[in-house]
Every structure is written in C-alpha cells, then in structure tokens.
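# Examining the three-dimensional arrangement
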Amino acid sequence: MATIAGTGRTGVAVGSRRRRMPRGIIRFVTLSLLAMIFLAPIYWMATTSVKSESDTIARPVQWIPEEPTLENYRAIFASPNATFLRWTWNSLFTSVAFSLLSVALGVLTAYPLARMRFPGRQTWFWILLGSMMVPGIIFLIPHYLMMIQLNWIDTYNALIWPGVPGAFGVFLMRQFLVSVPLELEEAARLDGANSLQILVYVLVPFLIAPMAALGLFNFMAAWNNYVWPLFVVHGDMQTLPVAITTFSSRYWTTYGKLMAGTAIASIPVLIAFLVAQPYFIRGMSLTGLKDE
Amino acid sequence: MISTRARRPPLLRLDDSNPLVPYLYLLPQALLFLAFVVFPIAFGIYVSLHRWNILSDRQTFVGLDYYTAIFTAGTPQAQFFWKTMLNTGFFVAVSVPLLIGCALGLALLLEKPIAGRGFFRTVFFLPTILAVSIMGLLWRWMFENGSGLINVVLERIPFLNTVPFLTTVGWAWVPIIVGTVWWTVGFNMVLYSAALAGIPRAYYDAAQLDGAGTFATFRFVTWPMLAPVTLFAAITTTIASFQVFGQPHVITNGGPLRSTQSVMMYITEEAFTNFRFSSAAAMSMVFGLALLVIAAFQFRLMLQDTGRGNS
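## Concerning the overall build of chain A
Assigned secondary structure in chain A consists of 14 helices and 0 strands. Each helix and strand of chain A, placed in order from N terminus to C terminus, yields the pattern α-α-α-α-α-α-α-α-α-α-α-α-α-α. Looking at chain A as a whole, 35% of its 292 residues are labelled buried. Considering only residue pairs separated by 6 or more positions, chain A has 73% of its internal contacts joining residues 24 or more positions apart.

Structural data, given as structure tokens:
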C-alpha cells in the first residue's frame, strides 16, 4: 500500500499513464479473486447437487463432477413427504398477496398524509413513523397467540396479514407524493375530478416506479422470511425456503439431496435477480437512499 | 351539486367537502395497524404479566415474576437469557465492523471504472437476495466437518489440519460469521458505492493540489464525506445483527453447548419448545427495550457526528 501511494506522488502527465496500468491490474486481480470466493459456495452447491452421494464425499475431491447425475433431483421430487409444488405455491401466493396489499395500503394511507389538511395529520404520521422503531421481536409472541385465537395457525392469513400494516410503505409513498406538483391536482379538480379520481389518474402515474420498487422489496422480504413461517405454519402449508431446511434436515440427511433441494429453492430467485438486476439495484437506491 | 352542499350539514355530504374524507382513506390501514401493531404491544405486556396457558380461558396474574426471573441469578431463564445475550453481543461485535469494513473495501475497489465492473458489483450483491435458510445450508455444507469445501482445502495445505467447525466451541462461530458477511455485505456496499459517487470531484482535485497521497486523500476527504453513510450502515447493521436468528439456527442449531445460540433463538425456544409464552414475552420486552435504547443512542451519536462534519 505504502509503495503504491509513494509512486503516486511522482505523478506527472506522462508518468501517470504508465503508472495506471499495474495498479489497474492489481485491482482487477483482487476483484477477480474476491468474485471467485463469492461464487464458490454457489458453484459448490450446483456441483454437489449433480454428484452421486458417494462422489460428494469422495477423495480426491471432484472439483468437476465426474459422472454428473440428476438422481438427487429425481429422489427429492419422488420423496413422499416433499411437496415442492405446494411449498412453491404457498410462497408465491402469500408473497404476492402481501406485496400487493401493502403497496395498495401504503398509497391509500400516504395520500391524505401527503396531500390533504385535517386535524391529527401530523400526530398520526409520527405514530406510524415511530412504530417503525419498534423491534420485531416485540411482536412475535403476541402475534403467535393472536393466530391461535383467530384459528389462523397453518393458514395463508397468518402469513399475509400481520405484516401488511407496516409503516415503511406509507412513509416511502408519502415521500414521493409530497414531491408531485400541486398544479396538476388543482387542474384536475377544476375539471371536476373528485379526490379518488385525482389519486388514481393524476398521482399514481407518478408513483409507478417507487410502487414497483416497494412491491419488489415487499415480495423479497416475504419470500425470504424465516422466523415467522417457521413457527406459524407447518407441513404442507410451509413456505419453500423454510420447508427446505426443516424437511431436508429430517428426511434428506445427505448433502447431495440437500444441495439439490437448495438449488431448486434458490435458482429461480437467482435467475429472476439476474434478469431484473439493473432495475433491482436502482430500486434499492430509490427506496433506501432517496435523499442521497 | 351546489344545492346539495347548501342543504346538507358538512358531515353528511357525499363529496370531497365532507371533512371526514381524509380519515376514510386512512381507515383501512388504521384498522389493521391497530389490530397487528398497537394491540400486540399491549397484549404482549399483558401476557408477560400472566402465566399464559393456551389451553385455558382464564389466565393467572403473576405480576412482574417473569421479569424478576430474568434478573435473578440461578433461574434457568437468567442463566440462558444472559448467556445467549453474550453470544449475540459477541456476534454483533465481530460482524458489524466486518460488514462495514468489507463493504467499504469492495465499494472502493469498484469506485473507479474497471473492466467487468458491473459483473463484479452483481456478484458481490448476489448473495443478499437469497433466503437465510438457503445461505445457511450453503455454508453448513462449505464448513462440513468431513467433506466440506473449506476442510478439503485445509487438508491440502501443509502444516494445517482440518477443523471440525460445526461441532467445536469457538470455531462454530466461523461459518456463521463468514456466511453472514458473504450474505449481507452487498447491501452496505451499494450504500457506500452510491455515497462515493456523490463526493464532488473538486474535493479530490483540491487534495491532489495539496500533494495528498492515496492514504491522506482517503483519510481527510473520502472518510469524513462518508460519515453519514457509515453511521446509517452501522445503526441498521447493529440492529439487524442483534436480531440474528436464521444463520445459527440453520448452520449450528445453536450448538455446540448453546455456544452459538442467539437470544432470539432462546426466546423462541422458551415459547415454542417449553411453551412458556409469558416468560418468552417478558424476555422479548426486555430485549426489545434494549434494542430501542441502542437505536436511540446510535441515533444521537449520528446527529452529533454529522453535525460536527458539517461545521
């Protein structure tokens, strides 16, 4: 480090070009090594899943599977206790429902908070904002006992509703609604539009991008949720990522099948991410770093 | 329309002039908010003050018994609550600096244009989209005592021995912490990348004119300019790390000998394995309040520090 900084000091226009080369190469090699380390677990998962069980623990280790086989995948789909399609559907349905509901409620609630004047507006906004500070652990036990009272254990309702009124979406949508010019709203009102029409036809078109970003993040959060589904739904009602661990540890103790299950649960998400990647990171800066 | 408005009192009007209109928009979320946010907080306190039995209709009031148990030496609750609290504290103390430092390092490596920059950024961010259970299974297999990739590599290096990571007190933290860094460092990296892009070029030009080297430029330009992001990342990472659950649950299941059990794991064990919901609710309150205090403390620090940075 010191030598690099030292050579940097000699910088004149001619020298700077020659100097940049090795530094760029060091940086590129470092990044490549790091990328390999980052991809290693995923590569190891993919190759393990297509090895026979004896090959997964064979010595010398097989960096490239010598006799690739889909036997592990066949075995876990044939396994009587594994209902992959059902788990996938559970995850898909509840994550989509949760995401749509919380985006819709976020917009609906943010609307009067951002664009109307009425008594209690500030107070309610601060109450919602303050609720975001409360750590999730506070809710776990009371929510679970409420699910028992409501007979919602092992239902989609338990997976969907408790998280829907979270204030993050309200807060985010309000931030964007505040920035829409008032003139547009007034013009629509002069044309005889009522408040609901103004929301749907004037304001929502401005919110499409943040709504999509919020929807995506809600979906991911619900899909990847672990603690809550682990305790509140079981068996056939389990969500895919949780079922992979609970069922796999019980029925497929060998790593070939375990990694096949892991691949099934993660590869669709990885592909979806790679396809949507440009929007994804932009969406992230949209939700997380609006003021930056 | 004008005639209706003139005849009816304001609260019965059927258009936007009715003062109840804003509340109508708030109503759906407000009802759910009361049911699933406000009520559970009160209900949680109520449960923690009773001996809650899910099979019974009448619950016995016990006052602060479950709270005093947490603070009375000798009860199993106190023993395990504080043991797992220490475990969690250790995890936070190691993982938070790593998650800040590595994220900043990656962001700095990617700051200037380089061949394949988009690819590298995608690769480092990729693990963050995986579910914690997937990440846990991956790293459990990587650090598997016999045939895990890490031990396969260790085996080949002279003078190094394989380590039974998953079943050795102390070493068991390694897969959890390495896995966590791999899994979440991408978030902070994106935060830092955005912040680095926002530092005005003029600052670097000025530093160069003053003859500042690479390190001095980082120390006196980049680092102070990043202070707000560092503090934001430190707060969110600390709060998230204190609530660690999935990684130890999947990788070590809290073992060996509860040495990697987090406080969240112990609370769920008390509730869902021992069926002592009231005790678990009391612990949730104590732990939740501690988290709130940390958040408030860090928030204050953040205000002070960014204030100093501006002046």
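## Considering the overall build of chain B
Along the backbone of chain B there are 14 helices and 2 strands. Referenced to the eigenvectors of the C-alpha coordinate spread, the extents of chain B come out at roughly 85 × 60 × 35 Å. With 311 residues in all, chain B has 37% of them scored as buried. Contacts spanning at least 24 positions in sequence make up 64% of the contacts within chain B whose residues lie at least 6 apart.

## Some details on the nonpolar core
With 109 residues, the main nonpolar core has A:I141, B:A103, B:M189, B:Y192 and B:I267 as its most contacted residues. Residue contributions to this core peak at 10 residues, all from helix α8 (residues 173-197) of chain B. Dropping the residues within four chain positions of it, A:I141 is found in contact with B:G44, B:V47, B:A271, B:F277, B:A280, B:A281 and B:S284. Ranked by size, the runner-up nonpolar core spans 22 residues in total, among them A:A110, A:Y111, A:L203 and B:L26.

## Thoughts on the interface of chain B and chain A
Tallying the contact residues gives 74 residues for chain B and 75 residues for chain A. Among the elements that line the side of chain B that touches chain A, the one with the most residues is helix α2 (residues 21-48) of chain B, at 15 residues.

## Details of the confidence of the model for chain A
With 85% of its residues at a pLDDT of 70 or more, chain A has an overall mean of 84. Of the regions scoring below 50 in pLDDT, residues 1-18 of chain A engages in 11 contacts with residues more than four places distant in sequence or in other chains.

## Comments concerning unusual backbone geometry
Residue and element names in this part refer to chain B. Omega for the peptide link from G255 to P256 comes to -10 degrees, which places this bond in the cis form. In this fold, P256 is placed in the loop between α12 (246-251) and α13 (263-273). Backbone geometry places N253, a non-glycine residue, at a positive phi of 50 degrees. With respect to the secondary-structure elements, N253 resides in the loop between α12 and α13. Residue classification places N253 among the partly exposed positions, given that 15 C-beta atoms sit within 10 Å. Residues other than glycine seldom take positive phi values, yet F275 does so here, at roughly 55 degrees. By secondary structure assignment, the location of F275 is in the loop between α13 and α14 (277-310).

## Comments concerning the environment of B:D205
Locating B:D205 in the fold gives a position in helix α9 (residues 201-209). It is 10.0 Å that separates the C-alpha atoms of B:D205 and B:T217, two residues lying 12 residues apart in sequence.

## Brief notes about the environment of B:Y203
Checked against the element boundaries, B:Y203 lands in helix α9. Note: C-alpha distance between B:Y203 and B:T217 (14 residues apart in sequence) is 9.2 Å.

## Observations concerning the environment of A:M259
Summarising the element assignment, A:M259 is placed in helix α14 (residues 255-288). Classification of A:M259 by C-beta neighbours within 10 Å gives buried; the count is 25. Once residues within four sequence positions are removed from consideration, A:M259 is found in contact with A:M45, A:T48, A:S49 and B:W141.

## Description of the confidence of the model for chain B
It should be kept in mind that the predicted coordinates are not to be read in detail where pLDDT is low. Looking at chain B as a whole, its pLDDT mean stands at 89, while 94% of the residues score no less than 70. Among the scores for the predicted complex, ipTM is 0.88 and pTM is 0.87.

The rules behind the values
Residues numbered from 1 in each chain as written. Chains lettered and ligands numbered in written order. Predicted model: local features only at pLDDT ≥ 70, side-chain atom pairs only at ≥ 80, totals over all residues. Helix = DSSP H or I, 4+ residues; strand = E, 2+ residues; numbered from the N terminus. Buried ≥ 20, exposed ≤ 12 C-beta atoms within 10 Å, placed from the backbone. Contact = placed C-beta atoms within 7 Å. Core = buried A, V, L, I, M, F, W, Y, C linked by C-beta atoms within 7 Å. pLDDT = per-residue confidence, 0-100.

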